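Chain and residue survey
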Amino acid sequence: DAGVIQSPRHEVTEMGQEVTLRCKPISGHDYLFWYRQTMMRGLELLIYFNNNVPIDDSGMPEDRFSAKMPNASFSTLKIQPSEPRDSAVYFCASSSTAANYGYTFGSGTRLTVV
Amino acid sequence: GQQVMQIPQYQHVQEGEDFTTYCNSSTTLSNIQWYKQRSGGHPVFLIQLVKSGEVKKQKRLTFQFGEAKKNSSLHITATQTTDVGTYFCAWFRQAGTALIFGKGTTLSVSS
């Protein structure tokens, strides 16, 4: 298995622009998570899905952030409009309730908003 | 509310010395997981502890879960330069929810 695949690896955008981050979870995993990592705030949970259904989006910082999971193999995190304070590394992770091991993280997307 | 502290924030050791990081919770945890993240990388799952007093070993790494399930530790014996990175503990705020991550302990090792 190729693991959790995120794209792009790096994104530099100007303030006010829309940004879309993409994630392909491990096949067969029924949970998908979006985390954001910064030096100041550490790893923060933004939202997670179970069987493609959003379960908890209380970590989404503002209405500028939205996430979708149209099918079991794809999820997006969108920021519109982006702001400099959104600069961070965004990780997608997936897990399976059937196998009691931890989360598998993607390589992350480093977002810089200038 | 629940508070989980991970200490220390940073630790520098000489190669061959031991290293320990701790996670301490104000409330009982259902289980605890440990992850390692190398600089520029992503968190990688190391282990999950579920039972009170549980001890698990992975080569030079020893993981413990306290009797009261309120604290956990990761101990590395005779550190190597390959052990460099940030170690996170993670827990579920409630059963069936997503993992919450501690602030991490960053380990540096000089040879």
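In case you missed it, the structure is sitting above this.
Summarised in this report is the structure supplied together with it. (Residues numbered from 1 in each chain as written. Chains lettered and ligands numbered in written order. Predicted model: local features only at pLDDT ≥ 70, side-chain atom pairs only at ≥ 80, totals over all residues. Heavy atoms only, no water.)

**Focus: the layout of surface pockets**
What counts is decided by this rule: In the cavity and pocket records, a cavity denotes points on a 1 Å grid over the protein atoms alone where a 1.4 Å probe fits but cannot get out, a pocket denotes an open set with protein on both sides within 12 Å along at least 5 of 7 lines, and lining residues are residues with an atom within 4 Å of a point. Grid points are joined across faces, edges and corners, and a volume is the space filled by probe spheres set on the points. Helical segments are the DSSP runs of H or I of at least four residues, strand segments are the runs of E of at least two, and each set is numbered from the N terminus. Note on residue categories: nonpolar means Ala, Val, Leu, Ile, Met, Phe, Trp, Tyr, Cys or Pro, charged means Asp, Glu, Lys or Arg, and polar means any other residue, Gly included.
Estimated volume of the largest pocket: approximately 690 Å³. If you list the elements that add at least two residues to the lining of the largest pocket, you get β4 (31–38), β5 (42–50), β9 (88–95) and β11 (109–113) of chain A together with β9 (85–92) and β11 (105–110) of chain B. Of the residues contributing to the lining of the largest pocket, the split by class is 10 nonpolar, 18 polar and four charged. What the second largest pocket holds in volume is close to 540 Å³. Around the second largest pocket sit 25 residues that line it, and L43(A), E44(A), R93(B), I100(B) and F101(B) are the ones nearest its centre.

**Concerning the pattern of salt bridges**
Two side chains bearing opposite charge may form a pair once their charged atoms approach each other closely. Convention followed: For this document, the term salt bridge refers to a Lys or Arg side-chain nitrogen within 4 Å of an Asp or Glu carboxyl oxygen. Summary of the burial criterion: residues with accessible area below 20% of their type's maximum are buried, those above 50% are exposed, and those between are partly exposed, where the area comes from a 1.4 Å probe applied to protein chains only.
Counted by the stated rule, this structure contains 10 salt bridges over all chains. In this structure, R60(B) engages D83(B) in a salt bridge whose closest nitrogen and oxygen atoms are separated by 2.8 Å. Linking R60(B) in the loop between β6 (55–58) and β7 (61–65) with D83(B) in the loop between β8 (71–76) and β9, this pair joins segments that are 23 residues apart in sequence. Residue D83(B) is classed as buried on the basis of its relative accessible area, which comes to 5%. Residues participating in the shared-partner salt-bridge network are E62(A), R64(A), E83(A), R85(A) and D86(A).

**Section: the state of the cysteines**
Where we set the bar: Working definition: a disulfide is two cysteine sulfur atoms within 2.5 Å of each other.
Inspection of the entire model under this criterion finds two disulfides over all chains. With a sulfur-sulfur separation of 1.8 Å, C23(A) is cross-linked through a disulfide to C92(A). Taking the sign of the S-S torsion, about -65° here, the bridge from C23(A) to C92(A) comes out left-handed. Taken as a pair, C23(A) in strand β3 (residues 19–24) and C92(A) in strand β9 lie far apart in primary sequence, 69 residues in all. In terms of burial, C23(A) and C92(A) fall into one category: buried. Between the sulfur atoms of C23(B) and its disulfide mate C89(B) the distance is 1.7 Å. Every disulfide takes its handedness from the sign of the S-S torsion; for C23(B) and C89(B) that torsion is -80°, giving left-handed. Remark: C89(B) occurs in strand β9 and C23(B) occurs in strand β3 (residues 19–25); sequence separation between them is 66 residues. Residues C23(B) and C89(B) agree in their burial class; the two are buried.

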